[in-house]
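Letter by letter, the chains look like this.
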Number of protein chains: 4
Amino acid sequence: MTTAARSFSHPVRIYWEDTDAGGVVFYANYLKFFERARTEWLRALGFGQQQMRNERGLIFVVTDSAVRYLEPARLDDELTVTVTLAGAARATLSLAQAALRGSSVLAESRITLACVEAASFRPKRLPQSILDALASTALQK
Amino acid sequence: MTTAARSFSHPVRIYWEDTDAGGVVFYANYLKFFERARTEWLRALGFGQQQMRNERGLIFVVTDSAVRYLEPARLDDELTVTVTLAGAARATLSLAQAALRGSSVLAESRITLACVEAASFRPKRLPQSILDALASTALQK
Amino acid sequence: MTTAARSFSHPVRIYWEDTDAGGVVFYANYLKFFERARTEWLRALGFGQQQMRNERGLIFVVTDSAVRYLEPARLDDELTVTVTLAGAARATLSLAQAALRGSSVLAESRITLACVEAASFRPKRLPQSILDALASTALQK
Amino acid sequence: MTTAARSFSHPVRIYWEDTDAGGVVFYANYLKFFERARTEWLRALGFGQQQMRNERGLIFVVTDSAVRYLEPARLDDELTVTVTLAGAARATLSLAQAALRGSSVLAESRITLACVEAASFRPKRLPQSILDALASTALQK
């Protein structure tokens, strides 16, 4: 089992909307890219977030984000955004994410997600089906 | 009654988030500025949109936007964004809006808003209190 | 030659970043989707915008956008965003664009692009290579 | 000298553009608010970033951002976003920032800025005039 094997990847193209007058991607937008990749990772595991909300009244919220910006991305760049599960607790998931251009890491992050009730934002135990899917993913590697 | 007298104005400062790699404000972001000014215009008339939704289950949606981009705005610019009521029907409002830097019009727009039920997005008659407020505003000028 | 045959299509997935507290896609964000599709359309024609800027000092700017919003898009939706050339003049292109979910048109627009010098934003004649590519595309249909 | 005394504050109103379908502010947007407050803090110290770029060819880039999201912000909320200098080195500034609603801290962050050459993104010594302004600010407290 390698780190690469445990990672999910999602491609992101850089458009005008992502850049700023410095000629590079605005720093807040990496959090958008990381979110897109997490959504696709959850979808690949079988979890549509709209469905999770409609059926269970649960949503994920980010409680912590730490990002290191190493190199700028520019218009037309094709990035690969990765998601690696770094830990799971009763109501939270910890993820390592990175944005790469080829083999260069442009930004890397540690993100903590909490499962909360959509109406109240109170923490809720992660659905067992998600824990099972995460465990089976880990076992397959 | 002058055009100026019938207009509401809201200041908007240009930050990095608003610009793109062309060195100027990204064209979609003028729609954000126009929306901010409309929200402040409604607030000045006494209508918080959060309150309108909680109490009546109604929200405004844009059904048409036409924008002419005349001159670019840049980082650090201070714009004035205006709202002028151009027409009101049973369930819609028509607004003329502009973004100016000093006396230069950078962008001008015609926006149509529809009042809809938040749950279904079905058109609903405008609340009488809004029509009254709009009418009294017009009369004062 | 059919309308479909003359259109370019680009897929757009709806993420959290695209939605607002009304539960649907924020109206300004359709302009982002339209821009992404235009960029991919130009790229498919052989024109990277970064390259066009570096080699010729030219960029495209939007001078007019008119959008009709017909139906809301929601989280997780997969849209198809189309680009159809509606006209070309010395320094401008006119495009018809739409965002569809399946066969439902959610938003449709008419966009005018001007070719300008990146440094001065002064209008410049469209590069002949773009006109040739557009003409040959039209002829193939 | 108290922490409050050393802080700069900037008001931020929450608009539709800032929210997502969860009904609250999208997590990436706090980085926009933090950036706006930093820009106003620099401006209050006498440093327009456009000017810094034009005259010296220097821009600030974020190299690290760590954010804790404690409570959600919602449509119409009025936030106060603070900037506190936490440290200055040869080419970097370290800032503590927070977004508050009344006395409730909604999000808090530690941000590292590097001064770089706009053309190359290579690190450059902070302009002495900025260091002087920061020092004199600290002395006044």
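This text gives an overview of the structure that appears in the document. (Residues numbered from 1 in each chain as written. Chains lettered and ligands numbered in written order. Predicted model: local features only at pLDDT ≥ 70, side-chain atom pairs only at ≥ 80, totals over all residues. Heavy atoms only, no water.)

## Notes on the overall build of chain A
- If you tally the helices and strands in chain A, you get three helices and five strands.
- For chain A, the N- to C-terminal ordering of α and β elements is β-α-α-β-β-β-β-α.
- For a compact globule of 141 residues, the expected C-alpha radius of gyration is about 14 Å, and chain A comes in at 16 Å, within 12% of that figure.
- Oriented by its inertia axes, the alpha-carbon framework of chain A measures out at about 45 × 40 × 20 Å.
- For chain A, with 141 residues in total, the buried portion stands at 55%. (Helix = DSSP H or I, 4+ residues; strand = E, 2+ residues; numbered from the N terminus. Rg over C-alpha atoms; globule rule 2.2 N^0.38 Å. Buried < 20%, exposed > 50% of the residue type's maximum accessible area, 1.4 Å probe, protein only.)

## Quick notes on the interface of chain D and chain A
- Contact residues are listed per partner, giving 23 residues for chain D and 23 residues for chain A.
- Between chain D and chain A, a total of about 2,000 Å² is buried, with carbon and sulfur atoms accounting for 57% of that surface.
- The tally of links from chain D across to chain A stands at twelve residue pairs in polar contact (both at pLDDT 80 or more).
- Elements represented by at least two residues in the side of chain D that touches chain A include exactly helix H1 (29–44) and strand S2 (58–69) of chain D. (Contact = heavy atoms within 4.5 Å. Buried area = accessible area lost by both parts, 1.4 Å probe. Polar contact = N/O pair within 3.5 Å; in protein donor to acceptor, adjacent residues only side chain to side chain.)

## A few points about the environment of A:Pro127
Residues and elements named next belong to chain A.
- Here Pro-127 is to be found in the loop between strand S5 (104–117) and helix H3 (128–140).
- Taking the C-alpha atoms as reference points, Pro-127 and Val-81, 46 residues apart in sequence, are found 25 Å from one another.
- Sequence-distant contacts of Pro-127, that is, excluding residues within four places in its chain, are made with Arg-56, Leu-58 and Cys-115.

## As for the interface of chain A and chain C
- Each partner contributes to the interface: chain A provides 19 residues, whereas chain C provides 19 residues.
- When chain A packs against chain C, the two sides together hide about 1,900 Å² of surface, and 45% of this comes from carbon and sulfur.
- Among the residues chain A hides against chain C, the three largest losses belong to A:Tyr15, A:Trp16 and A:Glu17. Together they make up 33% of the total.
- The shortest N-O distance in the salt bridge between C:Arg13 and A:Glu40 comes to 3.7 Å. (Salt bridge = Lys/Arg side-chain N within 4 Å of Asp/Glu carboxyl O.)

## Overview of the relation of the copies chain D and chain A
- Structural alignment of chain D on chain A gives an RMSD of 0.0 Å, achieved by rotating through 180° and translating 0.0 Å along the axis. Considering both components of the superposition, the chain copies are consistent with a two-fold axis. When C-alpha distances to the rotation axis are compared across chain D, the minimum falls at D:Ala66, with a value of 2.1 Å.
- Both copies present the same face, since 100% of the interface residues in chain D are matched by interface residues at the equivalent positions in chain A. (Least-squares fit on C-alpha atoms with pLDDT ≥ 70 in both.)

## A few points about the sheet that holds strand S3 (residues 78–88) of chain C
- Read from one edge of the open sheet, ten strands run S1(B)-S3(B)-S4(B)-S5(B)-S2(B)-S2(C)-S5(C)-S4(C)-S3(C)-S1(C), paired in antiparallel fashion. Each edge of the open sheet is held by one strand with a lone partner, namely strand S1 (7–13) of chain B together with strand S1 (7–13) of chain C. Put simply, the sheet's adjacent strands are angled 25° from each other on average, direction ignored.
- Of the pairings in the sheet, the one linking strand S2 (residues 58–69) of chain B to strand S2 (residues 58–69) of chain C comprises five bridges and is antiparallel in character. Along S2(C), the bridge assignment pairs B:Val67 with C:Ser65. (Pairing = 2+ DSSP bridges. Axes fitted to C-alpha atoms, helices over the stretch in contact; angles between N-to-C directions.)

## Some words on the pattern of salt bridges
- One pass over the structure, following the stated rule, counts 33 salt bridges over all chains.
- Across the salt bridge formed by C:Arg36 and A:Glu17, the nearest N and O atoms sit 2.8 Å from each other. With C:Arg36 in helix H2 (residues 29–44) and A:Glu17 in the loop between strand S1 (7–13) and helix H1 (29–44), this pair bridges two chains. Both residues of the pair, C:Arg36 and A:Glu17, count as buried.
- Between B:Arg13 and B:Glu78 there is a salt bridge; the shortest N-O distance is 3.8 Å.

## Quick notes on the sheet that holds strand S5 (residues 104–117) of chain D
- Within the open sheet, the ten strands sit side by side as S1(A)-S3(A)-S4(A)-S5(A)-S2(A)-S2(D)-S5(D)-S4(D)-S3(D)-S1(D). Their pairing is antiparallel. Taken across any chain shown, the strands that pair with only one partner, and hence form the sheet edges, are S1 of chain A together with strand S1 (7–13) of chain D. On average, each strand axis in the sheet is inclined to that of its neighbour by 25°, with strand direction left out of account.
- Pairing geometry for S1(D) and strand S3 (residues 78–88) of chain D, over seven bridges, is antiparallel. Looking at S3(D), one finds that D:Ser7 is bridged to D:Thr84.

## Notes on the environment of A:Arg38
- Residue position: A:Arg38 is located in helix H1.
- Look past the residues within four positions of A:Arg38 in its chain and what remains in contact with it is A:Val62, A:Val83, A:Leu95, A:Gln97, A:Ile111, A:Leu113 and D:Tyr27.
- For A:Arg38, the side chain forms a polar contact with the side chain of A:Gln97, separated by 2.9 Å.

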